[in-house]
Amino acid sequence: MAKKKYSNKINKIRSFALALIFIGFVVMYGAIFFRESQLLVLIFITLGLLCIIGSTVVYGWIGLLSTRAVQVVCPNCGKHTKVLGRVDMCMYCNEPLTLDPNLEGKEFDEAYNHPKK
Ligand SMILES: [Zn+2]
């Protein structure tokens, strides 16, 4: 079963927030190369700050999601992990987990989180 494609949603969002911080700093650092133009420096620093602010917002969002996520004990590795939505992966071993008994035993598919209308 090719399950390594998916990862825990909270972890995924967290790495996204971390990436945003890095991008923000890199963009702000880029302003050094445009010291001759005050306008460009201003644009780069603003963009960098926006990325960092965005990251802070995403981190706040993770906090919110975490309170809504269901804490379960992973049957595979025995650690406490958080499940978001109907199906999610274990944060530690990427074991597919489901809160819906109807989906138990079925092959993992992220599409279960987006029910068709
Ligand atoms: Zn696990």
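Refer to the structure presented above.
Residues numbered from 1 in each chain as written. Predicted model: local features only at pLDDT ≥ 70, side-chain atom pairs only at ≥ 80, totals over all residues. Heavy atoms only, no water.

**Examining the coordination of the zinc ion**
Donor atoms from the polypeptide that coordinate the zinc ion comprise Cys-74 (SG), Cys-77 (SG), Cys-90 (SG) and Cys-93 (SG), at 2.2 to 2.3 Å from the metal. Seen from the zinc ion, its 4 donor atoms lie at angles of 106 to 113°, and the figure they make is tetrahedral. For the zinc ion, the donor residues sit on a single chain with the sequence spacing C-x2-C-x12-C-x2-C. In this pair, Cys-74 sits in the loop between strand E1 (70-73) and strand E2 (80-83) while Cys-93 sits in the loop between strand E3 (87-89) and strand E4 (96-98), placing the two residues 19 residues apart along the sequence. We classify Cys-74 as buried; its relative accessible area is 2%. (Donors = N, O, S within 2.8 Å, 3.2 Å for Na, K, Ca; no water. Tetrahedral: all angles 85-135°; square planar, octahedral: opposite > 155°, others 65-115°. Helix = DSSP H or I, 4+ residues; strand = E, 2+ residues; numbered from the N terminus. Buried < 20%, exposed > 50% of the residue type's maximum accessible area, 1.4 Å probe, protein only.)

**Overview of the packing of helix H1 (residues 9-30) against helix H2 (residues 38-68)**
In contact at an axis separation of 7 Å, H1 and H2 are set at 165° when each is read in the N-to-C sense. One finds that H1 runs roughly antiparallel with respect to H2. Of the two possible hands of crossing, H1 and H2 adopt the one that is left-handed. For the contact of H1 with H2, the per-class residue count stands at 22 nonpolar, 6 polar and 1 charged. (Axes fitted to C-alpha atoms, helices over the stretch in contact; angles between N-to-C directions. Parallel < 35°, antiparallel > 145°, perpendicular 65-115°, else oblique. Left-handed = near helix turned anticlockwise from the far one by under 90°. Nonpolar A, V, L, I, M, F, W, Y, C, P; charged D, E, K, R; others polar.)

**Re the pairing of E1**
Judged from the 4 bridges that link them, E1 and E2 form a sheet pairing that is antiparallel. Bridge pairing in E2 places Gln-71 opposite Lys-82. Count of turn residues in the E1/E2 antiparallel hairpin: 6 residues, of which Gly-78 carries a positive phi of about 80°. (Pairing = 2+ DSSP bridges.)

**So, the nonpolar core**
Judged by nonpolar contacts, Ile-10, Ile-13, Ala-17, Leu-20, Cys-51, Val-58, Ile-62, Leu-65, Ala-69, Leu-84 and Met-91 together constitute the single largest core of 11 residues. Residue assignment for this core shows that the elements contributing at least two residues are H1 and H2. Filtering out sequence-adjacent residues up to four positions away, Ile-62 remains in contact with Ile-10, Ile-13 and Arg-14. (Core = buried A, V, L, I, M, F, W, Y, C linked by side-chain atoms within 4.5 Å. Contact = heavy atoms within 4.5 Å.)

Honestly, that's just the spatial picture; any functional story needs more than this.
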